[in-house]
Amino acid sequence: MGSVTVYGPPISTAVSRVLACLQEKDVDFKLVNVDMAKGQHKSPDYLKLQPFGQVPAFQDEHATLFESRAICRYICDKYANRGNQSLLGRSGGGPAERAQVEQWLEAESQSFNPPSSVLVFQLAFAPRMGLPQDPAAIELNQAKLARVLDVYERRLGESRFLAGDEFSLADLAHLPNAHHIFAARKDDMFASRKNVARWWEEISTRPSWKKVVDMYSAAPPA
Amino acid sequence: MGSVTVYGPPISPAVSRVLACLLEKDVVFNLVNIDMSKAQHKSPDFLKIQPFGQVPAFQDEHTTLFESRAICRYICDKYADRGNRSLLGRRGGGLVERAHVEQWLEAEGQSFNPPSSTLVFQLAFAPQMGLPQDPAAIVLNEGKLAKVLDVYERQLQESRFLAGDEFSLADLSHLPNSHYIRAGGKEELFTSRKHVARWWEEISMRPSWQKVVEMQRTPPA
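Note that residues are indexed from 1 along each chain, following the sequence as it is written. Written order determines the labels here, with chains lettered from A and ligands numbered from 1. In keeping with the predicted nature of the model, local features appear solely for residues at pLDDT of at least 70, side-chain atom pairs appear and are counted solely at 80 or more, and the whole-chain, interface and lining totals rest on all residues. Side-chain measures were taken over the full set of non-hydrogen atoms in the model, leaving aside hydrogen atoms and water.

Regarding the overall build of chain B
What counts here: Only runs of H or I of at least four residues qualify as helices and only runs of E of at least two qualify as strands under DSSP, and these elements are numbered from the N terminus. We take the radius of gyration over the C-alpha atoms and set the globule estimate at 2.2 Å times the residue count to the 0.38 power. Only protein chains enter the calculation, and the probe is 1.4 Å; a residue is then buried if its accessible area is under 20% of its type maximum, exposed if over 50%, and partly exposed in between.
On a plain count of helices and strands, chain B comes out with 10 helices and four strands. Secondary structure of chain B in N-to-C order comes out as β-α-β-α-β-β-α-α-α-α-α-α-α-α. The globule rule puts the C-alpha radius of gyration for 221 residues at 17 Å, and the 17 Å found for chain B is close to it. The principal-axis extent of the C-alpha atoms belonging to chain B is close to 50 × 45 × 25 Å. In chain B, which comprises 221 residues, the share counted as buried stands at 56%.

This is the structure we're talking about:
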């Protein structure tokens, strides 16, 4: 092992999505910090790894990848026999079962991520960076997120996790943004929905996620 | 065959993404129109197959799916041996090749799609629906899209298509929004960038996409 490297600060939601997946899969990795306050993510060397100048970037032997959800899919496929083997559907479940995970991973990406990302920036990062919050943006995106969570509430009344009865990459993908919303104590819309609250409690207490959260408060690696 | 059904109007970009994929894979399908002007996409029956009340929805035998990019991945996996077999990476290209397709498909979904969807609504659908355009939104999103296309310009200098030298799902996924942006008078975003222009010319002339454009012009049954 020792061939996997993740580039980026662990507190980044997209970086921590990849870290959670590596932890679930019991895959060893090196974490190389990228100091975004110093513009390291826009340096010519970094742009060779990630042409959009975003985090994370990822290397595994000779493969270089970007986009956290693509990296997660790769980790699940490449290390299929390690750690949690159900993240992209159970073994033997076939294309239909993988597709159930993929549709909820796309729902996270297309419906949950946009409004929750705005809230994470407004509630967790803007204060940290000394930037003013935008109450109109907060209100608008809380309303959008509430409609998404209404769909989740109905779905999670029918199944334990989003894609079925096993924890999957679809659930995992939600951990980073939801974590910051909870940490900012703006989680009423999760807590007020019975099935969503139950689901959140279950996925956020997974040992793999706790390890990632612990990394947030550790000093960044040199 | 005859087991595949797509629900939604072909003019919807997300619906047309799935149609393009089915045509590339030579998979026969039924298309069931959903009249969004009559809110059919919010009917209780439709919400059973698409809980967000969006199009498309998709059925194949006992499998029901939503989200166009998830449906496309399923079609490529389930019908791996039909039609174009390189959409998720070439055979023998292994996991790394698939991952390269996936990262550009995610780039489309995360970076290209948001500004281009706003432009598609503003340029193509708002006028049709008798809604006023928002010039500030158009300018803002043209700027965002230009930055994304700058990255594509550099990538497409190094490879024929986004993920490598074969047309893939990553390229296909760009067809619907790009088509409407060009038809809506903003082709300069593409044509002013030499390699993006070359790439667009090549992917939009594929017979599968030409068929989708034809379906978009045909009034629904």
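From this point, the discussion proceeds with the structure in view.
Overview of the pattern of salt bridges
Selection criterion: Salt bridges are defined by distance alone: a side-chain nitrogen of Lys or Arg within 4 Å of a carboxyl oxygen of Asp or Glu.
The full count for this structure, using the stated rule, is 36 salt bridges over all chains. With a shortest N-O distance of 3.0 Å, Asp150(B) and Arg193(B) are connected by a salt bridge. Of this pair, Asp150(B) sits in helix α5 (residues 135–158) while Arg193(B) sits in the loop between α8 (188–191) and α9 (194–204), and the two are 43 residues apart along the sequence. The exposure class assigned to Asp150(B) is partly exposed, which follows from its relative accessible area of 33%. Residues participating in the shared-partner salt-bridge network are Arg73(A), Asp77(A), Arg98(A), Glu102(A), Glu106(A), Arg73(B), Asp77(B), Arg98(B), Glu102(B) and Glu106(B).

With respect to the interface of chain A and chain B
Worth spelling out the cut-off: We call two residues in contact when some of their heavy atoms are within 4.5 Å. Accessible area that two parts lose when put together, with a 1.4 Å probe and added across both, is what the buried area reports. For this analysis, a polar contact is any N or O atom pair within 3.5 Å, provided that within protein one partner can donate a hydrogen and the other can accept it, and provided that sequence-adjacent residues contribute only side-chain to side-chain pairs. Any residue outside Ala, Val, Leu, Ile, Met, Phe, Trp, Tyr, Cys, Pro, Asp, Glu, Lys and Arg is labelled polar, Gly included; the first ten of those are nonpolar and the last four are charged.
With 32 residues of chain A at the interface, the matching set in chain B holds 32 residues. For the pairing of chain A and chain B, the buried interface totals around 2,700 Å² over both sides, and the portion due to carbon and sulfur atoms is 63%. Three residues, Phe52(A), Gln103(A) and Glu106(A), lead the burial of chain A against chain B; their summed loss comes to 20% of the area buried on that side. Counting across the interface, chain A meets chain B through four salt bridges. Between Glu106(A) and Arg73(B) there is a salt bridge, with its nearest N and O atoms 2.7 Å apart. At the boundary of chain A with chain B, the tally comes to nine residue pairs in polar contact (both at pLDDT 80 or more). Elements with a contribution of two residues or more to the side of chain A that touches chain B: β4 (63–66), α3 (68–78), α4 (94–128) and α5 (135–155) of chain A. The element that contributes the greatest number of residues to the side of chain A that touches chain B is α4(A), accounting for 14 residues. Partitioning the side of chain A that touches chain B into residue classes produces 15 nonpolar, eight polar and nine charged.

Topic: the side chain of Asn113(A)
Checked against the element boundaries, Asn113(A) lands in helix α4. The exposure class of Asn113(A) is buried, given its relative accessible area of 11%. The contact partners of Asn113(A), leaving out residues within four places of it in the chain, are Arg17(A), Arg69(A), Glu108(A), Asn177(A) and Gln110(B).

Observations regarding the sheet that holds strand β3 (residues 57–60) of chain A
All names here are of chain A. So the rule is basically this: Two strands are said to pair when DSSP picks up at least two bridges between them. The axes are straight lines fitted to the C-alpha atoms, using for helices just the contacting stretch, and the angles between their N-to-C directions are given from 0 to 180°.
Read across the sheet, four strands follow the order β2-β1-β3-β4 without closing on themselves; strand pairing throughout is mixed. The open sheet has two free edges, formed respectively by β2 (30–32) and β4, since each of these has just one partner strand. The sheet shows a mean angle of 20° between the axes of neighbouring strands, taken without regard to direction. Of the pairings in the sheet, the one linking β3 to β4 comprises four bridges and is antiparallel in character.

Concerning the domain arrangement of chain B
All names here are of chain B. Which entries qualify depends on this criterion: The source of the domain bounds is an automatic or database domain assignment.
Split by domain assignment, chain B resolves into domain 1 (4–85) and domain 2 (92–208). For domain 1 and domain 2, the distance between their C-alpha centres works out to 21 Å. Each partner contributes to the roughly 1,400 Å² buried at the junction of domain 1 and domain 2, and carbon and sulfur atoms together form 53% of this total. Here domain 1 is connected to domain 2 by six salt bridges. Between glutamate 106 and arginine 73 there is a salt bridge, with the nearest N and O atoms lying 3.7 Å from each other. Here domain 1 is connected to domain 2 by eight residue pairs in polar contact (both at pLDDT 80 or more). Mapped by element, the contributors of at least two residues to the side of domain 1 that touches domain 2 are α1 (13–24) and α3 (68–78). For the side of domain 1 that touches domain 2, the element with the most residues is α1, which contributes seven residues. Each residue belonging to the side of domain 1 that touches domain 2 can be placed in one class, and the counts come to seven nonpolar, two polar and five charged.

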